[in-house]
2 protein chains.
Amino acid sequence: MALIVQKFGGSSVADAERVMNVARIVTETYKQGNDVAVVVSAQGDTTDDLIEKAKEINPDASKREMDMLLTSGEQISIALLAMAIEKLGCPVISLLGWQAGFQTNSAYGSARIEKIKTERMLSELDKKRIVIVAGFQGLNKADDLTTLGRGGSDTSAVAIAAALHADRCQIFTDVTGVFTADPRKVKNARKLSDITYDEMLELATLGAQVLNNRSVEMAKKYGVELEVLSSLERESGTIVREVAKMEKMLIRGVTKDTNVARISVVGMKDVPGNAFKMFSKLAAKKINIDVILQSIGRDGTKDISFTCSEDNSKQAVALLEEMFSQEGAVVNCNNSIAKVSIVGAGMQTHSGAAAKMFGALYEAGININMISTSEITISVIIDREYADQAVSAVHKAFFD
Amino acid sequence: MALIVQKFGGSSVADAERVMNVARIVTETYKQGNDVAVVVSAQGDTTDDLIEKAKEINPDASKREMDMLLTSGEQISIALLAMAIEKLGCPVISLLGWQAGFQTNSAYGSARIEKIKTERMLSELDKKRIVIVAGFQGLNKADDLTTLGRGGSDTSAVAIAAALHADRCQIFTDVTGVFTADPRKVKNARKLSDITYDEMLELATLGAQVLNNRSVEMAKKYGVELEVLSSLERESGTIVREVAKMEKMLIRGVTKDTNVARISVVGMKDVPGNAFKMFSKLAAKKINIDVILQSIGRDGTKDISFTCSEDNSKQAVALLEEMFSQEGAVVNCNNSIAKVSIVGAGMQTHSGAAAKMFGALYEAGININMISTSEITISVIIDREYADQAVSAVHKAFFD
């Protein structure tokens, strides 16, 4: 007998039929003799619909009242799921975030969990009830409702798994697991049976939107074993955990990110502090910088290129022109690029990975613009039009 | 400066425009220097829509989970109203039933308020905030959400007014007050400026659905001054309170109830206990009896006639046939009748009221079937087809 935490997103409970499907998954797990705690998000588009209602009345509503509004969405879905489980004849109880003991700070809209008082959940599990908890929400010291922000229900599930020392935390999504590349684009993409927390974090950062990063970080911190699997297709998913040895498969996945722009400042004066000024101004505007490349230019000047998300590029260019145009520097922006990356903890001990990746791109005739590496990733910036082709070529080199 | 409690029903907050309208009423009251606590129901058809969702999944869902589901409706409307008031620039905070301190028993679906812990509401009012409270809901000892049942938001408002010793509790509806007769049917119907609690209770019982009886009873018990008024037309409404002298206007209103049936058992054996058996059996089936008439029949038998709601008549007839058909009695049912009543506390001291009512009906050529009186009402049973005509004739006799 084990304690299993299961999390179902909004699309998994979007209508009556899907709620019944989730109820069947939960009760099957329960009937196998497990204690089960379930976290659910709001149904389908409920949260967006509520935001729309609020905007119609007051686009500048306080975050406190927005949280009061939005937390109703999960309240509806926990009640409906509990009713579905009642129908299947299993003992069940639904709990709001505060009833499940979620204490948060007061950052409405993006609250941090401070503590989970587990008494109520434990007492319900002791009564052999399936416990359904509203994700994404908690209560602050003033006894007011808060929400955890984007991906909050994943975080709720991992936090419950950590607090209850669950044996596993299953995150049900609309994909059957984590793949070596996007299976809709790369025909030989393989599902990974397991992956480390760091690899999962890199994959998420690099564009594979399966798990929310904050929940993976929390899982890593508390050693919660995650499983990513599908609520519609019943097959085992990908397990996220710390694995001792993993040398057999060098890399774990190939991803692309097309929301990238490269900005170059050409002909800056080569004086100390220019780079510092530049990046601190960008940071102040909350523009995140990814790959940076600095080179010596002509006549005692220097050039700095970097990448940021395309969404931020316009703002970044305006800022840099204001800073450097009077000293004769030119700011260029290229929005037609993409970042293709390979991820894998095994890479550290296999120096051939970079060579293999570059070779695959060369053979496919794809020019590399910039290169960036971390302990477990190698990323290249290339023309956006070749992104899918590059992912396929690199995937083939490592997996076929 | 006064403390005013205002209550708005579901149709008053049905859409963004109406929510803004309510926000204007509330902020005007606040800007006049009053402390304001507001109770709102769920928007428009929200509650019905939620019930529909539940039925689709499990028609026999537990009441505990139904309450978990339904309380989300008021949560949405308090947040939206608070946002609307924020937009109008007044300080405001929304509170769920439990945050406002509503402690109830555990009768899910029809919980009774046991206590209101007023600390939070008082502290928010002290900060000069408008307090918006979710009607219809509370929390039981197990820390689970409960609902107060039908008309629950009226009850919430009166309970808050009683607990905070408010100067007035304004119940906003879609009519401008309490009328001497239905203004859509009787052209000279007048709005009453005030009315006693008992008169209001009788009017509600006799079919004038303006205020929920439970809330009027509570208002009477705690001496809460009520005002019934419209959220759309800005004019003063009808005040419900104990008035010392009220002799000038003899009666307060004329009402009709068409959900009435008369059942007669003709030719029962005239033995002791038959009436007792009959009415206790009906009571056991929760069939409420109104007017009762017993008369001596032929050959040592007796006849008993009574009225009940038409909804219950079929069940009552079946029950009585089972009981009395073997002793030769015949059960008749007449579903084409109506009850027309006059209500007024002044009636006790004016014996002419009954004569005036019967005279008006006689002049209109309407035959009286049965008569029933209480301290403050006189009711007659007549053919249903003459009901509106009877109300007009009686209203004319007293008010024109």
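If you're wondering where the values come from, they're calculated on a predicted model, not measured in any experiment. (Residues numbered from 1 in each chain as written. Chains lettered and ligands numbered in written order. Predicted model: local features only at pLDDT ≥ 70, side-chain atom pairs only at ≥ 80, totals over all residues. Heavy atoms only, no water.)

Draft legend 1. Local environment of the overall build of chain A. Assigned secondary structure in chain A consists of eleven helices and 18 strands. For chain A, whose C-alpha radius of gyration is 24 Å, the value lies close to the compact-globule estimate of 21 Å for 400 residues. In terms of overall dimensions, chain A has a C-alpha envelope of 80 × 50 × 35 Å along the principal axes. Expressed as a percentage of the 400 residues in chain A, the buried residues total 56%. Contacts in chain A between residues far apart in sequence, at least 24 positions, make up 74% of those at least 6 positions apart. About 17700 Å² of surface is accessible on chain A, with carbon and sulfur atoms providing 48% of the total. Looking at charge distribution, chain A has the averaged site of its 46 positive side-chain charges lying 2 Å from that of its 51 negative ones. (Helix = DSSP H or I, 4+ residues; strand = E, 2+ residues; numbered from the N terminus. Rg over C-alpha atoms; globule rule 2.2 N^0.38 Å. Buried < 20%, exposed > 50% of the residue type's maximum accessible area, 1.4 Å probe, protein only. Contact = heavy atoms within 4.5 Å. Areas by Shrake-Rupley, 256 points an atom, 1.4 Å probe, with all protein chains shown as cover. Lys, Arg positive; Asp, Glu negative; His and termini not counted. Charge placed at Lys NZ, Arg CZ, Asp CG, Glu CD.)

Draft legend 2. Representation of unusual backbone geometry in the model. Residues and elements named next belong to chain A. For Phe-136, which is not a glycine, the phi torsion comes out positive at approximately 80 degrees. Structurally, Phe-136 is set in the loop between strand E6 (130-134) and strand E7 (137-139). Classification of Phe-136 by relative accessible area gives buried; the value is 14%. Positive phi values are uncommon outside glycine, yet His-165 reaches one of about 50 degrees. Relative to the helices and strands, His-165 resides in the loop between helix H5 (152-163) and strand E9 (168-173). Residue classification places His-165 among the exposed positions, given a relative accessible area of 68%.

Draft legend 3. Local environment of the relation of the copies chain B and chain A. Mapping chain B onto chain A leaves a residual RMSD of 0.1 Å; the transformation is a rotation of 179 degrees accompanied by 0.1 Å of translation along its axis. Read as a symmetry element, the transformation amounts to a two-fold axis. Considering only C-alpha atoms, the part of chain B nearest the rotation axis is Ser-72 of chain B, at 2.5 Å. With an isologous cut-off of 70% or more, the 100% of interface residues of chain B that recur at the interface of chain A puts this contact in the isologous class. (Least-squares fit on C-alpha atoms with pLDDT ≥ 70 in both.)

Draft legend 4. Expanded view of the interface of chain B and chain A. The partner chain A presents 42 residues to the 42 residues of chain B that form the contact. Between chain B and chain A, roughly 3400 Å² of surface is buried when both sides are summed, and carbon and sulfur atoms account for 61% of that area. For the interface between chain B and chain A, the tally reads two salt bridges. Here Arg-120 of chain B makes a salt bridge to Asp-144 of chain A, at a shortest N to O gap of 2.9 Å. The tally of links between chain B and chain A comes to 24 residue pairs in polar contact (both at pLDDT 80 or more). Looking at the side of chain B that touches chain A, the elements that each hand over two or more residues are helix H1 (16-31), helix H2 (46-57), helix H3 (63-87) and strand E3 (92-95) of chain B. When residues in the side of chain B that touches chain A are grouped by element, the largest group, 17 residues, is from H3 of chain B. Tallied by class, residues from the side of chain B that touches chain A come to 25 nonpolar, eight polar and nine charged. (Buried area = accessible area lost by both parts, 1.4 Å probe. Salt bridge = Lys/Arg side-chain N within 4 Å of Asp/Glu carboxyl O. Polar contact = N/O pair within 3.5 Å; in protein donor to acceptor, adjacent residues only side chain to side chain. Nonpolar A, V, L, I, M, F, W, Y, C, P; charged D, E, K, R; others polar.)

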